[in-house]
Amino acid sequence: MDDLDAPLDFESEDALVSSVPVANERKRKKIIGLDDLLSEFYHAGNPVNESKKSSKAKHHDSDEEDNTSKNKEKLLSKFVSECQKQVNDILTEDDIPLWGRRAFGRQRSPPPLDSRALINCKLLQSFTKSKFSSILEMTIDKGEAFLEGLLVDGWLLNLVFLCGSVEDCLASWTFYQGTLHSSKVDVQESGCDFWCSILPTEVEVNKPTVGLTWFPSFAQLKDALEIFGYSHGTLSPSASVDNASEICGPPVNIRCWLKLVATFCKMRNPCPIFSTSEVEELFDIIIWLFLDRQLQGLSFLLSECMLSIITFFTDEEWLMSSEKIATSIASRAPKDLNCFRIVECISGVDERTRGLRSQVSWQILTHSMGNPGANPVGILRSLSSVNVKDKNCDFFKVYIRLVLAENWLASGLPVEEGPAIAEVWSRYLRSLSTQISNTDWRSYAAKVRNRASYLLQSM
Amino acid sequence: MGSPVRSNRGIEENTLAILDSSGIRDSRDIHDDRLAFLEAVRLVSLTSKPSSAPTWNMYNAVFRIFRDGTSLEEIMTSYQLLVELEKHYPRLCLVDQSKFESTFGGACELVVVKETWSPFVGSVESAHADDVETSRSSDSLLDAHLLKNLVLLQYLVHVLEGDFLPRETVYKATMKWIFLRESLLSLILGSRKINIRYFIQDCMTIISGGFVRHKSGRFHDLENVETFLPGVVEEPDLTLLYATLEMGKKTVIAVEKLLILVIRLDMHRKVADIQGYTSRADAIRVPLMEMIVDQLSYNKDVISPFLLAFSEPKWKLEIIMQYFWKYCHRAPVHTRRSKNSSDDATFETILKYFSNGPSTQTLVRKMSSEVVQLLLAHGFQAYLSSVWHNSKLLADIEETLKDVPLLQISKGLICAYENIKKNNDGIRLSAFEKEALFTAATIVALDSQF
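Since this is a predicted model, take the numbers as computed values, not measurements.

## Thoughts on the overall build of chain A
For chain A, the count of helices and strands is 21 helices and 2 strands. Scored against the burial criterion, the 459 residues of chain A give a buried share of 46%. A total of about 24,300 Å² of accessible surface is found on chain A, and carbon and sulfur atoms cover 54% of it.

Structure (structure tokens):
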């Protein structure tokens, strides 16, 4: 008997009655409308208050009074902003810069492409020779502009499928002028789509669907990247832009470049465009692109590209290559927050990336300790030897090494020394979480303590 | 360490503690903590071995960062994490029974993992958080509200697709309508909270307008990329420019995908209606295809950009055909209830209407010559593309050109344009139409070579 309005047992079976509760609810709402009243009051209350305030303000009609109060206000706000500035200065004193490395400097202009061969390509010629060109009163004098239209509107792809093959001059034109060096975004995207469609993408179908005899080489792809301004990590992190009007950063074509690389890496058979060492180099490049803050919005694309690079290798090749990749990255990795970014951009969702993530973390860790090739237990022992109670302890360094070690061990302990490592590791974590006091306000001290206790908890 | 449920709760408490804001000094710390939390979830649920699915609270926290993220890095990282989690811990999965019992003959069973989080199920809290968020965008590190919504839209379409596709597979095998009726897509479309017509209009605007328009410019001129983001891109801020271009394109693809999913749902619904599987529990809704065709015929300026951007050939052709059928009265028996109404009507049939002067003239008068020409060109392209899509075995040219309809259709198209031109002096062809004719002529020319 808690609810009189609720339908009785037998009523719930009756479809007709089921509409009744709704009506009741509405009725009930009308009766109890206390909440509504309250909210209405608050709603209506605001304008009343405001009008009171404004009427109060109107009482200050003498100019003098007004001026002094304004001056006081000015002084106060000045004082407050100064204070805030000082506080900010104190706080940012020991701020560690965010990750980020410029991967791109000045763009160069692309080499000119001879488009004369284009007008003589079979595709355009077969039309000009046919009787239709006169009937339709169409002449193709501007071969390149017309081809661009065909590309953007999607006809070129149809024509190529129709002919069953792509002429060399068309292939290179769509690659350079269309995809990589066109300044028009729609041309770039269409050129890129064109190439992705004529190349086989599924792993099972290892045959190009159309005849293609011209493929870009690795050198050509790399040249294109250098024209975009890419410099292999040689730019200083804070490279000041001398000329403010100068744009430092790749053209938007970089998106197409990434998509092309991803697609090329997927077609390994029957004719891999790249050799394994070239693909290893590509991986290195992708890592540097990940470090460029300007390309943050493309991180999804970069990850896709990285995955397809990783799938390029066969299992045997991967054993060798992953180690090479990890060492090469570690030897050049900046020893600051950038090395987290490097580790974190390796997704770790499958067996290969999981292993690579661990390997890269391990390599960066040993390199940062100036001891590449050391054994795991030894590294952990020397980690533990740092005295956190020392006044000059560099907590930032400790923090970086701690996180690197975490990532290295995340995908499972090495089989041989597993128990020994686990023991040293947990002892290390315990000492970090207990020896750093709660009141230690040195930069990164709290971060180290929290991280260590987090890791200890989740063990 | 106790039962798995307990240890999961331990993980939850432990990871969520990273987000604890006590002792936080500034926004940089909050930013660092959020990223550290996302990374911790990734390690716990994806990278480490053995890994366990995040709890609902962890999911909600990730989703909240995705919605409230104040920097591009937070948004992108949480988005990627959500997509990868979805792939790793799907809410729906197909279990192939044929592996266990061959007697069922390849039947699949749908397994719904009810405990799995979904943005459509447990995110009331984050919806509320969104309201709070909009009011304090001034102190965010990056004002990229639109960008955030673009990414969110992509994610939601991704989730809807992940829910719909396995259900569709099972429905096709079992013909049990309930699988599709209970799909998220069907539930959302049936919801009264959404005005479907406006929703579809918005989708079409996204597809045809895009977010970013570009002018042609010199190689170095990045300023020449015009964006539709008032206030966001004042200077050539490259970070936002790259992000917007990429997300803009991806969003268009996602919305097209969404429309196609709805069209497919409608198609199955039609069949189910005829077979009598549907009941009054299924809300009545105008099929999407009709709505699109209506929209296009009300607003003729949209036809060209919409059809240019809508790339899936099969449904594009279908849209164009339905548009024509609105005006061609001698259409084959075409009622809403008949299943095969559009199947026997091919693009060839349409072209026949334009094979002689008088009937061409009637249609041109009804539809205007611009629209007719545009639709014919797009229809031709969609027809060609669907041919390639269906048969990927194009070993040699001769084989292809033996396909008589292809040649016939190309000739029909040229003939249609000639007929239109005969009766309408001074009519001009757009670049797209010229290219269509060029393609048709090339097909004819190639044929005559053999």
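Back to the write-up after that little detour.
## Structural notes on the overall build of chain B
Looking only at helices and strands, chain B has 19 helices and 4 strands in total. Long-range pairs, those at least 24 residues apart, make up 71% of the contacts in chain B between residues at least 6 apart in sequence. Summing over all exposed atoms, chain B offers an accessible surface of approximately 21,700 Å²; the carbon and sulfur share of this is 54%.

## Focus: the side chain of B:T442
With respect to the secondary-structure elements, B:T442 resides in helix α19 (residues 431-449). The class of B:T442 is buried, set by a relative accessible area of 0%. Setting aside residues no more than four positions away along its own chain, B:T442 makes contact with A:S126, A:F127 and A:L159.

## Some details on the packing of helix α9 (residues 196-209) of chain B against helix α10 (residues 238-275) of chain B
Residue and element names in this part refer to chain B. It is the contact of α9 with α10, at a shortest axis distance of 9 Å, that shows an interaxial angle of 140 degrees. Between α9 and α10, the angle is such that the two are oblique. Viewed along their axes, α9 and α10 form a crossing whose handedness is left-handed. For the pair α9 and α10, the contacting residues are F199, I200, C203, I206 and I207 in the first and T251, V252, V255, E256, L258 and L259 in the second. Of the residues contributing to the contact of α9 with α10, the split by class is 9 nonpolar, 1 polar and 1 charged.

## Some details on the nonpolar core
Membership of the largest hydrophobic core comes to 249 residues, with the highest contact counts inside it found for A:W195, A:W257, A:L289, B:F306 and B:L376. At 18 residues, the largest contribution of residues to this core is made by α10(B). Excluding residues within four positions of it along the chain, A:L289 makes contact with A:A103, A:F104, A:Y230, A:I254, A:W257, A:L258, A:L295 and A:L302.

## Digging into helix α13 (residues 276-290) of chain A
Residue and element names in this part refer to chain A. Its 15 residues give α13 an end-to-end C-alpha distance of 21 Å, which sits within 8% of 21 Å, the value for a rise of 1.5 Å per residue. Buried residues dominate α13, accounting for 11 of its 15 residues. Within α13 the residues assigned to the buried category are V279, E280, L282, F283, D284, I285, I286, I287, W288, L289 and F290. Considering only its buried residues, α13 is in contact with α11 (218-227), α12 (254-266), α14 (299-312), α15 (315-332), α16 (338-344) and α17 (351-368).

## Side note on the pattern of salt bridges
In this structure the tally under the stated criterion is 25 salt bridges over all chains. Across the salt bridge formed by A:R354 and A:E351, the nearest N and O atoms sit 3.4 Å from each other. On the criterion of helical spacing, the pair formed by A:R354 and A:E351 is a turn pair, its members being 3 residues apart in helix α17. Judged by relative accessible area, which is 10%, A:R354 ranks as buried. Several salt bridges converge on common partners, so that one network encompasses A:E189, A:R255, A:K259, B:E246 and B:K250.

## Here we look at the state of the cysteines
The term disulfide refers to a covalent linkage connecting the sulfur atoms of a pair of cysteines. Tallied over the entire structure, the rule returns 0 disulfides over all chains. Considering cysteine sulfurs only, A:C265 is the nearest to A:C305, which forms no disulfide, with 6.5 Å between them.

## Here's the deal with the packing of helix α10 (residues 185-198) of chain A against α12(A)
All names here are of chain A. Interhelical geometry of α10 versus α12 gives an angle of 0 degrees and a closest axis separation of 10 Å. On the basis of their axis angle, the class for α10 and α12 is roughly parallel. Two secondary-structure elements touch here, α10 through V185, Q188, E189, C192, W195 and C196 and α12 through R255, C256, K259, L260, T263 and F264. Within the contact of α10 with α12, the residues separate by chemical class into 7 nonpolar, 2 polar and 3 charged.

## Quick notes on the packing of aromatic side chains
Residues and elements named next belong to chain A. Within this structure, the stated rule accounts for 32 aromatic pairs over all chains. Their ring planes at 35 degrees and their centres at 4.6 Å tell us that W362 and W408 sit as a pair that is tilted. Residue W362 is located in helix α17, and its partner W408 is located in helix α19 (residues 395-410); the two are separated by 46 residues in the primary sequence. With respect to class, W362 is no different from W408; both count as buried. Between the NZ or CZ atom of R293 and the centre of the ring of W99, over which it lies, the distance is 4.4 Å.

## A short note on the interface of chain B and chain A
With 74 residues of chain B at the interface, the matching set in chain A holds 82 residues. Taking both partners together, chain B and chain A bury about 7,000 Å²; carbon and sulfur atoms supply 61% of that area. Taken together, the links from chain B to chain A amount to 7 salt bridges. Notably, a salt bridge pairs A:K447 with B:D32, separated by 3.1 Å at the nearest N-O pair. Our count for the chain B to chain A interface comes out at 15 residue pairs in polar contact (both at pLDDT 80 or more). Sorting the residues of the side of chain B that touches chain A by element identifies α1 (4-16), α2 (27-47), α4 (72-88), α10, α16 (369-390), α18 (404-423) and α19 of chain B as the ones contributing at least two each. At 14 residues, the largest contribution of residues to the side of chain B that touches chain A is made by α19(B). Counted by class, the side of chain B that touches chain A contains 38 nonpolar, 17 polar and 19 charged residues.

## Concerning the confidence of the model for chain B
Residues and elements named next belong to chain B. Mean pLDDT over chain B stands at 77; residues scoring 70 or higher make up 76%. Across residues 101-106, where pLDDT falls below 50, the model places 3 contacts with residues more than four positions away in sequence or in other chains. Predicted confidence is poor over residues 212-236, with pLDDT under 50, and the contacts of this stretch with residues over four places away or in other chains come to 54 contacts. Complex prediction metrics read pTM 0.81 and ipTM 0.84.

## With respect to the environment of A:L170
All names here are of chain A. Take L170: it is sitting in helix α9 (residues 168-180). The spacing of L170 and M267 is 97 residues in sequence and 20 Å in space, taken between C-alpha atoms. Filtering out sequence-adjacent residues up to four positions away, L170 remains in contact with L118, L123 and L147.

## Focus on the side chain of B:R34
Turning to its location among the elements, B:R34 is positioned in helix α2. Look past the residues within four positions of B:R34 in its chain and what remains in contact with it is B:L19, B:I65, B:D68, B:G69, B:T70 and B:E74.

## Considering the environment of A:S172
Residues and elements named next belong to chain A. As for its placement among the helices and strands, S172 is situated in helix α9. A relative accessible area of 15% means that S172 is categorised as buried. Sequence separation between S172 and L118 is 54 residues, and the spatial gap between their C-alpha atoms is 10.0 Å.

## Things to note about unusual backbone geometry
All names here are of chain B. With a phi angle near 60 degrees, M175 is a residue other than glycine that sits in the positive phi range. Judged by its relative accessible area of 29%, M175 falls in the partly exposed class. Phi at S368 takes a positive value of approximately 75 degrees, unusual for a residue other than glycine. Mapped onto the elements of the fold, S368 is located in the loop between α15 (357-367) and α16.

## A look at α19(A)
Residue and element names in this part refer to chain A. Given a rise of 1.5 Å per residue, 16 residues ought to cover 22 Å, and the 22 Å separating the end C-alpha atoms of α19 matches this to within 8%. The buried fraction of α19 is high, at 15 of 16 residues. With a side-chain oxygen lying 3.2 Å from the backbone nitrogen of F396, the N-terminal cap of α19 falls on D394. One or two steps after α19, the chain reaches G412, where phi turns positive at roughly 110 degrees.

## Points about the confidence of the model for chain A
Detailed reading of the predicted coordinates is not advisable wherever pLDDT is low. Averaged over all residues, the pLDDT of chain A equals 77, while 74% of them reach at least 70. Low pLDDT, under 50, characterises residues 47-58 of chain A; the stretch is placed with 0 contacts to residues that sit more than four places away or in other chains.

## Structural notes on a nonpolar patch on the surface
On the surface, A:L76, A:F79 and A:V80 cluster together into a nonpolar patch covering about 310 Å² of accessible area. Mapped onto the elements, A:V80 comes out in helix α3 (residues 63-92).

## Overview of the environment of A:L302
All names here are of chain A. For L302, the location among the structural elements is in helix α14. Sequence separation between L302 and L289 is 13 residues; the distance between their C-alpha atoms is 8.0 Å. In contact with L302, other than residues within four places in its own chain, are L258, I286, L289, F290 and L295.

Conventions adopted
- Numbering of residues starts from 1 in every chain and runs along the sequence as written.
- Naming scheme: in the order in which they are written, chains are lettered from A and ligands are numbered from 1.
- Since the coordinates come from a predicted model, pLDDT governs what is reported: local features require at least 70, and pairs of side-chain atoms require 80 or more to be given and counted, while whole-chain, interface and lining totals use all residues.
- With hydrogens and water stripped out, all remaining heavy atoms of the structure feed into the side-chain values.
- Note on conventions: DSSP H or I runs of at least 4 residues are helices, E runs of at least 2 residues are strands, and numbering of each starts at the N terminus.
- Note on exposure labels: buried denotes an accessible area under 20% of the residue type's maximum, exposed denotes more than 50%, and partly exposed covers the range between, all computed with a 1.4 Å probe on protein chains only.
- The protein chains shown are the only cover counted for residues, whose accessible areas, like all others here, come from Shrake-Rupley with a 1.4 Å probe.
- Throughout, a contact is declared for two residues whenever any of their heavy atoms are within 4.5 Å.
- Note on geometry: axes are lines fitted to C-alpha atoms, helical ones only across the stretch in contact, with angles between N-to-C directions running from 0 to 180 degrees.
- What sets the label is the angle itself: under 35 degrees gives roughly parallel, over 145 gives roughly antiparallel, 65 to 115 gives roughly perpendicular, and the rest give oblique.
- For a crossing to be left-handed, the near helix must be turned anticlockwise from the far one by less than a right angle; the clockwise case is right-handed.
- Amino acids are sorted into nonpolar (Ala, Val, Leu, Ile, Met, Phe, Trp, Tyr, Cys and Pro), charged (Asp, Glu, Lys and Arg) and polar (every other residue, Gly among them).
- Take the buried Ala, Val, Leu, Ile, Met, Phe, Trp, Tyr and Cys residues and link them wherever side-chain atoms come within 4.5 Å; each set so joined is a nonpolar core.
- Multiplying 1.5 Å by the helix residue count minus one yields the expected span of that helix.
- The salt bridge definition used is simple: a Lys or Arg side-chain nitrogen within 4 Å of an Asp or Glu carboxyl oxygen.
- When two cysteine sulfur atoms are found within 2.5 Å, that pair is recorded as a disulfide.
- Each Phe, Tyr or Trp ring, with Trp reduced to its six-membered ring, pairs with another whose centre is within 6.5 Å; inter-plane angles below 30 degrees give stacked pairs, above 60 give edge-to-face pairs, and intermediate values give tilted ones.
- Ring-over charges, as used throughout, are those where CZ of Arg or NZ of Lys falls within 6 Å of the ring centre and within 35 degrees of the ring normal.
- When two parts are brought into contact, each loses some accessible area as probed by a 1.4 Å sphere; the total of that loss over both is the buried area.
- Think of a polar contact as two N or O atoms within 3.5 Å of one another; within protein, one of them needs to be a possible hydrogen donor and the other a possible acceptor, and neighboring residues in sequence only count if both atoms come from side chains.
- The predictor rates its confidence in each residue with pLDDT, a number between 0 and 100.
- Patch rule: a residue counts if its relative accessible area is over 30% and it has no salt bridge; like charges are joined within 9 Å, and nonpolar side chains (Val, Leu, Ile, Met, Phe, Trp, Tyr) within 5 Å.

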